[in-house]
Amino acid sequence: MITPSPRVRIAPSPTGTFHLGTARTALFNELFARHLGGQFVLRFEDTDQERSTLESEQDIVDGLAWLGLIADESPTAGGSYAPYRQMERLDDYRQAAERLIASGHAYYCFCTAEELAAERQAQEAAHISPKYSGRCRSIPPTEAAERKSAGEPAVVRFKVTGGSRSFTDLVMGTVAEDTDLYGDFVILRSVEAGEPPLPLYNLANVVDDQAMAITHVIRGADLLPSTIKQIMLIEALGGTPPAYAHLPVILSPSGKGKMSKRRDPVSITRDFRDRGYLPEAMINFMALLGWAPEGEREYFSHTELVEAFTLERVNKANAVFNPAKLEHMNGHYIRTLSVEALSERLQPFLRRDSQTFAALPPVEQRALAQQLAEVLQDRLIRLDEAVGLGAWLIEAEVQPPANLLLGKKQTASEAGLMLQAAHAALAEEADWSEPNLEALLRNVAAAQAVGAGAVLWPVRAALTAQAASPGVFTVLSALGKEPSLARLKNAIDILAE
Ligand code: GLU
């Protein structure tokens, strides 16, 4: 028998920003599909009309593109199972609901909100866990159809047959549930007359997965509780359930709860892309949120992940988001870039965050970005730090506060003397290479009978006006002779005031 190549999907509801959890799900689906030569589909579950927005769709599309997770089929790319937006497939859900009614698996329910509330209250008062009583089950189908066509508001409910059900999840193992705990659930709700009825999540989800020939449903463990309902629906519709793999929950850094939209960085575009994380680092980092490679190895390119990824190595245990690890990885990936590549990636951030940089003509922007890449590559953790760490190189002038110019236990006049000595020696020097500058400033310190730091600190602070920056010789060489001398002079004046 030929095993059909797998078809997997992500089915985000476009109701907010592209969330880290959704991105991790997208990655695992994509890796699974690519590893096995299958298809990776993007479908928008946008039936919650109040909360679904096109901005959210765009945010998801942009975030996926940035991460390099390219769906084979999607609302934008199209595909043989189009359309890929649920609001464009409403007829399918209505037809599926009608088939379920016809086969006796579902029925119209005419209970009003007040009746349902009263029922729930009575159950709560009797200390029974609330569930729909199934009252409308007994309405004869012909009568129900008549009431429906006469315009009486109705929803469609699925008949839960009860008893214990279970399935084997590829990650979580055996999952069992007592279906007597929940009542007949709504699969289609009524809307204004004349408009197509809207499906509820479970119905639309399974109708699409069946129609789109999805073979494996790989999604967050938060969706585990709906899976048995979905399996019952699929079976009632005469289909075969896909394989399921529920991914461990991502916990917030404290380890105490799920990642929180308010407290934690969760937006792929806003909190990660726009803050200067590299997509390479995000992909590598997210892969380790629930997947455990063989051995101790931590660093994987996207291609290497495709090669190595299997669902067998996905953990059941929750994954904890560790921001320090992400920063470390990001720094690592920044250091693997060529200077040219880093300079390309820095430019949008420099243009966005520095008016001085943005005002430069394009050729000068490129030259400056290249220089910044050279001097900052070994200390950047995120791309958006370059504006701050490189301000001394971007701005024409700097104004160090007097106290920053003082080396350890130095007075203003001592620091001033060191700056003057350094200025005098540097002014005479023609060879501006780093090793030569180093030898020269060390000689200055020796001649003044002080430790090297007593000269190097005030000089570096004078040139950068920053407490942290690349080393003084790198700074001198990057600035060039005249600007360096001018800054030393300026600092001498500041200390003399
Ligand atoms: N639309 C669902 C959600 O965004 C996902 C459904 C699924 O992956 O099965 O939570």
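Residues numbered from 1 in each chain as written. Predicted model: local features only at pLDDT ≥ 70, side-chain atom pairs only at ≥ 80, totals over all residues. Heavy atoms only, no water.

(A) Structural detail: the overall build of the protein. When you go through the protein residue by residue, the secondary structure sums to 21 helices and 12 strands. In terms of C-alpha radius of gyration, the protein reaches 32 Å, well past the compact-globule figure of 23 Å for 497 residues. When its C-alpha atoms are laid out on the principal axes, the protein stretches across 105 × 55 × 45 Å. Burial statistics for the protein: of 497 residues in total, 48% are counted as buried. Counted over contacts in the protein with a minimum sequence separation of 6, partners at least 24 positions apart contribute 74%. Carbon and sulfur atoms make up 53% of the accessible area of the protein, which amounts to about 23,200 Å² in all. (Helix = DSSP H or I, 4+ residues; strand = E, 2+ residues; numbered from the N terminus. Rg over C-alpha atoms; globule rule 2.2 N^0.38 Å. Buried < 20%, exposed > 50% of the residue type's maximum accessible area, 1.4 Å probe, protein only. Contact = heavy atoms within 4.5 Å. Areas by Shrake-Rupley, 256 points an atom, 1.4 Å probe, with all protein chains shown as cover.)

(B) Highlighting the environment of Trp291. Within the secondary structure, Trp291 is located in the loop between helix H9 (279–287) and helix H10 (302–308). Taking C-alpha positions, Trp291 is 26 Å from Ser74, a pair spaced 217 residues apart along the chain. With sequence-adjacent residues up to four places away left out, Trp291 is seen in contact with Phe28, Phe300, Leu305, Ala308, Phe309, Thr310, Arg313 and Val314.

(C) A look at the packing of aromatic side chains. Here the structure, examined in full by the defined rule, presents 11 aromatic pairs. Judged by centre distance (5.5 Å) and plane angle (65°), the ring pair of Phe167 and Tyr244 falls under edge-to-face. Taken as a pair, Phe167 in strand S5 (residues 164–169) and Tyr244 in strand S10 (residues 243–247) lie far apart in primary sequence, 77 residues in all. We classify Phe167 as buried; its relative accessible area is 9%. Seen in terms of ring centroids, Phe285 and Phe321 are 5.4 Å apart; in terms of plane orientation they differ by 90°. Their pairing is edge-to-face. Highlighted residues: Phe285 in helix H9 and Phe321 in the loop between strand S12 (319–320) and helix H11 (323–336), separated in sequence by 36 residues. Taken together through their ring pairs, the aromatic side chains of Phe28, Trp291, Phe300 and Phe309 make up a single cluster. Above the ring of Phe28, the side-chain terminus of Arg24 is found at 5.5 Å from the ring centroid. (Phe/Tyr/Trp six-rings, centres within 6.5 Å; stacked < 30°, edge-to-face > 60°. Lys NZ or Arg CZ within 6 Å of the ring centre and 35° of its normal.)

(D) The pairing of strand S4 (residues 155–158), seen in detail. Going residue by residue along S4, you find Val155 and Arg157 tucked away on one face and Val156 and Phe158 tucked away on the opposite face as well. As judged from the 4 bridges shared by strand S3 (residues 106–109) and S4, these two strands associate in the antiparallel manner. Counterpart to Tyr107 in the pairing with S4 is Arg157. As paired strands, S4 and strand S7 (residues 185–189) are joined by 3 bridges and run antiparallel to one another. Note on S7: the bridge partner recorded for Phe158 is Phe185. (Pairing = 2+ DSSP bridges.)

(E) Expanded view of unusual backbone geometry. Here Ala82 and Pro83 are connected by a cis peptide whose omega angle stands at 0°. If you trace the backbone, Pro83 turns up in the loop between helix H2 (54–67) and helix H3 (90–102). Positive phi, normally seen in glycine, also occurs at His127, with a value near 55°. On the secondary structure map, His127 appears in the loop between helix H4 (113–125) and helix H5 (141–149).

(F) Summary view of the nonpolar core. Formed by 95 residues in total, the largest nonpolar core has its most connected members in Leu20, Leu67, Leu203, Ile268 and Met282. When near neighbours in sequence (up to four residues on either side) are disregarded, Ile268 contacts Phe18, His19, Leu20, Ala23, Gly63, Trp66, Leu67, Arg273, Met282 and Met286. Ranked by size, the runner-up nonpolar core spans 57 residues in total, among them Ala281, Ala373, Leu419 and Val472. (Core = buried A, V, L, I, M, F, W, Y, C linked by side-chain atoms within 4.5 Å.)

(G) Looking closely at the side chain of Ser56. One can find Ser56 in helix H2. Since its relative accessible area comes to 4%, Ser56 is described here as buried. Of the polar contacts made by the side chain of Ser56, one reaches the backbone oxygen of Gly16; its length is 2.6 Å. Leave out the neighbours within four places in its chain, and Ser56 touches Pro14, Thr15 and Gly16. (Polar contact = N/O pair within 3.5 Å; in protein donor to acceptor, adjacent residues only side chain to side chain.)

(H) Fine view of the sheet that holds strand S8 (residues 198–199). Pairing is antiparallel in the open sheet, where 4 strands are placed in the order S3-S4-S7-S8. The sheet terminates laterally at S3 and S8, the two strands that pair on one side only. Note that S7 and S8 share 2 bridges and pair antiparallel. Bridge pairing in S8 places Leu188 opposite Pro199.

(I) Spatial organisation of the pattern of salt bridges. Enumeration over the complete set of coordinates arrives at 29 salt bridges. Between Arg85 and Glu57 there is a salt bridge whose closest N-O contact spans 2.9 Å. Separated by 28 residues along the polypeptide, Arg85 in the loop between H2 and H3 and Glu57 in helix H2 bring together distant segments of the chain. Here Glu57 falls in the buried class, since its relative accessible area comes to 7%. Where Arg442 meets Glu438, a salt bridge forms, and the shortest distance between an N and an O atom there is 2.9 Å. Taken together, the positions of Arg442 and Glu438, both in helix H18 (residues 434–447) and 4 residues apart, correspond to about one turn of that helix. Owing to a relative accessible area of 39%, Arg442 belongs among the partly exposed residues under this scheme. The class for Glu438 is partly exposed, based on a relative accessible area of 29%. (Salt bridge = Lys/Arg side-chain N within 4 Å of Asp/Glu carboxyl O.)

Purely geometric numbers; function is a separate question.
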